[in-house]
Amino acid sequence: MAIFKLHVPILDDIKAKGLKPALLAKVDDAVTRFTAGLSIGDIRGVLRCDPAPRPNPRLKPHADGFWFHMRPTYYHNLVTPLYPEFRLGWLSLYFMIFETLTGIFLMVFYTPSPLVAFENMLNILSNVPLGLFMRDLHKFGAEMMVAVVFLHMLRTFITGNYKKPRQFTWFSGVVLLFVTLILSFSGYLLPWDQLSLWAVTIGASMFEATPTPWPLNIFGEQVLGDPAFVGTWINNIVRGGPQFNADGLLRWYLLHILALPLIGFVFIGVHYYKVVIHGHSLPPEAEK
């Protein structure tokens, strides 16, 4: 009969070092992992204002930590003045967070159903405390976010900051521009009034213009004589059917509150990380 012996590493450490030293070593290792490089002794030195040794372990979290990797250890002094066209990227991030906070407030009082969506909006505007104020803030923030992101991209293009080595920074910015535009488009449908419904219906009808490759094989059969087949298929997915219905509203609601914000925040992290790696762009007279 086979007997399996369970191996516990901490027990070996206790046998070799004793109980207290082994536990202190485990705690120190956990602290070092959590702080991405700072041991208990390093933290004690920071609190006591002791001079850092060389190499400085206190810079390690900025290089290896998951959250701290986006904070630069140095930057050019020319990026500190407040230029009118610089800080547009920071304003874009500000409006993204602003829209998230106001959107969470509105989401509490909203149900994505054609039966109650419009009534929910009237309730927010009339009965919910600060509902009208938060809805106007959300709408104003969306308009400002589209304008700021567009101006930020325009400034980047005019000053040539899409060139090497910032090509991927530019690509991630293009993704964020499309995310911003689709966020604005999808949010326009959610009140489910006549203005938003027909405006988004017209916008979604553009998908019907998607061309069909010729010839197109679908499940082994060629689709002939219907150049709008792909456009009609995409349009049905976007609307949830030939006309906007409950499925279409739910799809755009989930896209608005879940998928697009998730993609947006991921690419904001990538975008900002690449900005830190390659440095902030300088004024045109200082950087070719």
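What counts and what doesn't
Residues numbered from 1 in each chain as written. Predicted model: local features only at pLDDT ≥ 70, side-chain atom pairs only at ≥ 80, totals over all residues. Heavy atoms only, no water. Helix = DSSP H or I, 4+ residues; strand = E, 2+ residues; numbered from the N terminus. Expected span 1.5 Å × (residues − 1). Buried < 20%, exposed > 50% of the residue type's maximum accessible area, 1.4 Å probe, protein only. Contact = heavy atoms within 4.5 Å. Core = buried A, V, L, I, M, F, W, Y, C linked by side-chain atoms within 4.5 Å. Phe/Tyr/Trp six-rings, centres within 6.5 Å; stacked < 30°, edge-to-face > 60°.

Peer 1: Describe in detail helix α5 (residues 88-108), supporting the description with residues and values.
Peer 2: For α5, which comprises 21 residues, the first-to-last C-alpha distance of 31 Å matches the rise-based estimate of 30 Å (1.5 Å per residue) to within 8%. Every buried residue of α5 is listed here: Leu88, Ser92, Phe95, Met96, Phe98, Glu99, Thr102, Gly103 and Leu106. Elements in contact with the buried residues of α5: α6 (117-126), α7 (131-158), α8 (167-189) and α11 (246-278).

Peer 1: Account for the nonpolar core, with residues named and values stated.
Peer 2: Note on soluble globular proteins: their nonpolar side chains tend to be buried together. Counting residues in hydrophobic clusters, the biggest one holds 18 residues, and the most contacted among them are Tyr110, Leu189, Trp192, Phe244 and Leu249. Within the residue set of this core, elements represented by two or more residues are α6, α9 (194-204) and α11. Contacts of Leu189, omitting those with residues within four sequence positions, involve Ser196, Leu197, Val200, Phe244, Leu249 and Trp252. Residues Phe95, Val148, Met153 and Leu183 belong to the second largest nonpolar core, which totals 14 residues.

Peer 1: Lay out the packing of aromatic side chains with the relevant residues and their values.
Peer 2: All chains considered together, the criterion is met by eleven aromatic pairs. Ring centres of Tyr94 and Phe95 lie 5.4 Å apart, and the angle between their planes is 70 degrees; on these two criteria the pair is classed as edge-to-face. For Tyr94, a relative accessible area of 40% corresponds to the partly exposed category. Between Phe168 and Phe171, the aromatic rings sit 5.6 Å apart at their centres with planes inclined by 40 degrees, giving tilted as the arrangement. Taken together, the positions of Phe168 and Phe171, both in helix α8 and three residues apart, correspond to about one turn of that helix. Here the aromatic residues Trp90, Tyr94, Phe95 and Phe98 are joined through ring pairs into a cluster of three or more.

Peer 1: Describe in detail unusual backbone geometry, supporting the description with residues and values.
Peer 2: Cis geometry marks the peptide bond from Lys164 to Pro165; its omega dihedral reads 10 degrees. Note on placement: Pro165 falls in the loop between α7 and α8. Positive phi values are uncommon outside glycine, yet Cys49 reaches one of about 60 degrees. Within the fold, Cys49 resides in the loop between α3 (40-47) and α4 (60-64). Residue Trp192 is not a glycine yet carries a positive backbone phi of 60 degrees. By the secondary structure assignment, Trp192 is in the loop between α8 and α9. A relative accessible area of 14% means that Trp192 is categorised as buried.

Remember that the coordinates give geometry; whether it matters functionally is a separate question.
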